[in-house]
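One-letter residues, chain by chain:
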Amino acid sequence: MPVLLFLHASLGFLLLLAVPALALGGLRGFFRPLPGGFFRALRGVAWVAILQVALGFALFLAGLRPKDGLHLLYGLLLAAGLHYLGGLEPGGWFYRGLKDPPKRPELFVALGLLFAVGLVLRVYLTGR
């Protein structure tokens, strides 16, 4: 169990650094299209968040509950949000599934990443 706790804390720290860094890089999306490498990095961070949520639920089921129950909800929202933002790349899985896809999905990605910064801070503060 200590290994899961350490891994959960380490991935949380990685997300605490990576999400704001992505949001800073995503600010370019307000002015010009984002490169494909940005979306690959975003999808990678999304999978880290998904792994983080899976570890969090494993710890929860093992009896190591977080101090605040909202920690689980915020973590789940962050992972789902990052996953959907990664799919908004033109030609991406979520973009193709939209009935009327936006001409500039970068605007939504930039705004979504700013929201994700708030979520990652909220996850961290409720889980401490």
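Structure shown above.
Given the structure is predicted, the values throughout are model-derived calculations rather than measurements.

About the criteria used
- Residues numbered from 1 in each chain as written.
- Predicted model: local features only at pLDDT ≥ 70, side-chain atom pairs only at ≥ 80, totals over all residues.
- Heavy atoms only, no water.
- Core = buried A, V, L, I, M, F, W, Y, C linked by side-chain atoms within 4.5 Å.
- Buried < 20%, exposed > 50% of the residue type's maximum accessible area, 1.4 Å probe, protein only.
- Helix = DSSP H or I, 4+ residues; strand = E, 2+ residues; numbered from the N terminus.
- Contact = heavy atoms within 4.5 Å.
- Salt bridge = Lys/Arg side-chain N within 4 Å of Asp/Glu carboxyl O.

A.B. asks: Would you take a moment to explain the nonpolar core for this structure?
C.D. replies: If you look at soluble globular proteins, the nonpolar side chains tend to sit buried side by side. Of all hydrophobic cores here, the largest spans 27 residues; its most connected members are Val-19, Phe-38, Leu-42, Val-45, Leu-82, Val-109 and Leu-113. Looking at this core, the elements with two or more residues in it are helix H1 (2-26), helix H2 (36-61), helix H3 (70-86) and helix H5 (105-127). When neighbours within four sequence positions are excluded, Val-19 is seen to be in contact with Val-45, Leu-82, Ala-116, Val-117 and Val-120.

A.B. asks: Before we go on, may I ask you to explain the pattern of salt bridges in this structure?
C.D. replies: Side-chain pairs of opposite charge can arise where the charged atoms are in close proximity. If you walk through the whole model with that rule in mind, you get two salt bridges. A salt bridge links Arg-104 to Glu-106; the nearest nitrogen and oxygen atoms lie 3.4 Å apart. Among the residues examined, Arg-104 registers a relative accessible area of 29% and is labelled partly exposed. In this structure Glu-106 comes out as buried when scored by relative accessible area, which is 5%.

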